[in-house]
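A closer look at the structure
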Amino acid sequence: MECSQVNTHIDELLADALGEPLRSAVLLHIEHCDHCAQTLRQDRTLRELLQGLPLVPPSPGFHARVLRQASAGQRRSRPWLTGLALAATLVLGVVLGWMLAPGGKPPVSVQAVALLAQQPGSVRLAFESGHDLRDVKLTLHLPTSVEVVGYPGQHELTWRTDLQRGRNELSLPLVARDGEGGLLVAQLEHGAQRKQFAVRIDVDQTGALPSKNPI
Amino acid sequence: MYPHLDHLYRFAYRMTGTREDAEDLVQDLLVKLYPRQRELEAVEQLRPWLTRVLYRLGVDRARSQSRNPLALRQDAVGAEDSDVDPLERLPSHEPEPSAALERHWTQARLLEAMQQLSVEHRSVIALHMVEGYALNELEDLLQTPVGTLKSRLHRARAQLKALLQREPNQDHQRVNTRGQRKWNVVK
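Below is a summary of the structure that appears in this document. Remember, predicted model here, so these are calculated numbers, not experimental data.

Grouped together as the largest cluster of nonpolar side chains are 51 residues, with contacts concentrated most on Leu50 of chain A together with Val26, Leu29, Leu54, Leu110, Ile125 and Leu160 of chain B. Here the element with the most residues in this core is helix α4 (residues 46-67) of chain B; it accounts for 8 residues. Those residues in contact with Leu160 of chain B that lie beyond four places of it in its chain are Leu46 and Leu50 of chain A together with Leu110, Ala113, Met114, Leu117 and Ile125 of chain B. In this structure, Leu138, Tyr151, Ile201 and Val203 of chain A belong to the second largest nonpolar core, which totals 27 residues.

Structure below.
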């Protein structure tokens, strides 16, 4: 049996769904093949890790609320966050027609959102534009303890995009490392105009996942 | 539908990765189905049917978000249409002691890695490897041929392993420009 064939059966082997005599043939190959033995070890570890992933329970009153809103035909409205609600959802309204001139003042009021430490959460930024805008530069400055998922260790991200008239939404997958959080600053630039918003990210360590998984 | 809410939330959470998005998705499903209660009464196996509708809703939502002008999406390492076998991207084929795996493969990192999968890949991982559905059950549940599911599973697993193999602060990011806005990362 070739490695490529064995590879297609490892999932069934781990799920105990491989019948004889195939199972014996696969095991015999693995016994003499370091590469396939390593693949088996990795896949087993991955499976165990996946099965041990925690499930964050729904928010209190979810069942009653969701049925009540369904009967009323209401979609859940994403709230503007106030205080330190644990919901890692935030909507920032930006009316681009009111952009600041260069050198404009920093934001006066700062909203807050909390993230559970070591656990990805989504923060949604919504930008409301009065008309189509091309080549808008959006820059995010992140606190040192917060990262965009997949961009480890990078605390400044910038990209150019076009905004459509109406609501433009950015769902930002964030993960908080150890630390206290800090300010996330979002800056939009279009031509000579600039608008800046800040959000305070608080890190909740109480529900933090262990940094090591017992395997 | 009340008896199925926990199951639906659980799958929605595995698909989306956050409580808020999972609650939103279940809410959307219920709002959509509430006026069709008479039809639901005629469905023999309600749970798999609901799961299927939820899955379609989750996929549609993910695609819709990816079309948004500001959408943020990671490069999918081992994307479905890639010609390169994702397994070949693993850093090493040398045997690795389990202690070394333990050092890098943690729940927190796996959660992050899951977030970087496409919704289709995340769903098959969640339903097959976490919830224990057999692939032939998923063929009916997700209305997707077993061959496609196997391919997704293979690629998703390889992608997860590749992401977990990276050093925690290793900068290996690439950007998916297929229909997405490009991140220009400032060094």
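What follows is about the packing of aromatic side chains. Under the defined criterion, the tally for this structure stands at 2 aromatic pairs over all chains. Among the aromatic side chains, those forming a connected cluster through ring pairs are Phe62 of chain A together with Tyr9 and Tyr13 of chain B.

This next bit is on the sheet that holds strand β6 (residues 166-176) of chain A. All names here are of chain A. As summarised here, the arrangement of the 3 strands in space is β2-β6-β4, forming an open sheet in which the pairing is antiparallel. For this open sheet the edge positions go to β2 (121-129) and β4 (146-148), each flanked by a neighbour on one side alone. On average, each strand axis in the sheet is tilted by 40° relative to the strand beside it, whichever way the strands run. The pairing of β2 with β6 spans 9 bridges and is antiparallel. Its bridge partner lying in β6, Ser122 is registered against Pro173.

As a further point, take the environment of Ala15 of chain A. Within the element layout of this structure, Ala15 of chain A appears in the loop between α1 (3-14) and α2 (22-31). With 29 residues separating them along the chain, Ala15 of chain A and Arg44 of chain A place their C-alpha atoms 9.7 Å apart.

In this section: the packing of helix α3 (residues 34-51) of chain A against helix α7 (residues 119-130) of chain B. Where α3 of chain A meets α7 of chain B, the closest approach of the two axes is 9 Å, and the angle between their N-to-C directions is 95°. By the angle between their directions, the pair α3 of chain A and α7 of chain B is classed as roughly perpendicular. Of the residues in α7 of chain B, those touching α3 of chain A at Arg47, Leu50 and Gln51 of chain A are Ile125, His128, Met129 and Val130 of chain B.

With that out of the way, let us pick up the pattern of salt bridges. It is possible for side chains bearing opposite charge to pair when their charged atoms get close. Under the defined criterion, the tally for this structure stands at 12 salt bridges over all chains. A salt bridge links Arg200 of chain A to Asp202 of chain A, with the nearest nitrogen and oxygen atoms 3.3 Å apart. Between Arg36 of chain B and Glu39 of chain B there is a salt bridge, with its nearest N and O atoms 3.2 Å apart. Classification of Arg36 of chain B by relative accessible area gives partly exposed; the value is 32%. Each of Asp11, Asp43 and Arg47 of chain A together with Arg157 and Lys161 of chain B takes part in a single network of salt bridges with overlapping partners.

Once that is clear, we can look at the side chain of His9 of chain A. You can see His9 of chain A is positioned in helix α1. Aside from chain neighbours lying at most four places away, what touches His9 of chain A is Leu18, Leu22 and Val26 of chain A.

Bridge count between β4 of chain A and β6 of chain A: 3 bridges; the pairing is antiparallel. Along β6 of chain A, the bridge assignment pairs Val148 of chain A with Leu174 of chain A.

Here we come to the packing of α1 of chain A against α3 of chain A. Residues and elements named next belong to chain A. Direction vectors running N to C along α1 and α3 enclose 30°, while the axes themselves pass 10 Å from each other. Comparing the axis directions of α1 and α3 gives the class roughly parallel. As for the relative orientation of α1 and α3, their crossing is right-handed in sense. On α3, the residues touching Cys3, Val6, Asn7, Ile10, Asp11, Leu13 and Leu14 of α1 are Cys36, Thr39, Leu40, Asp43, Arg44 and Arg47. Taken together, the residues that form the contact of α1 with α3 break down as 7 nonpolar, 2 polar and 4 charged.

Conventions used here
- Residues numbered from 1 in each chain as written.
- Chains lettered and ligands numbered in written order.
- Predicted model: local features only at pLDDT ≥ 70, side-chain atom pairs only at ≥ 80, totals over all residues.
- Heavy atoms only, no water.
- Core = buried A, V, L, I, M, F, W, Y, C linked by side-chain atoms within 4.5 Å.
- Buried < 20%, exposed > 50% of the residue type's maximum accessible area, 1.4 Å probe, protein only.
- Helix = DSSP H or I, 4+ residues; strand = E, 2+ residues; numbered from the N terminus.
- Contact = heavy atoms within 4.5 Å.
- Phe/Tyr/Trp six-rings, centres within 6.5 Å; stacked < 30°, edge-to-face > 60°.
- Pairing = 2+ DSSP bridges.
- Axes fitted to C-alpha atoms, helices over the stretch in contact; angles between N-to-C directions.
- Parallel < 35°, antiparallel > 145°, perpendicular 65-115°, else oblique.
- Salt bridge = Lys/Arg side-chain N within 4 Å of Asp/Glu carboxyl O.
- Left-handed = near helix turned anticlockwise from the far one by under 90°.
- Nonpolar A, V, L, I, M, F, W, Y, C, P; charged D, E, K, R; others polar.

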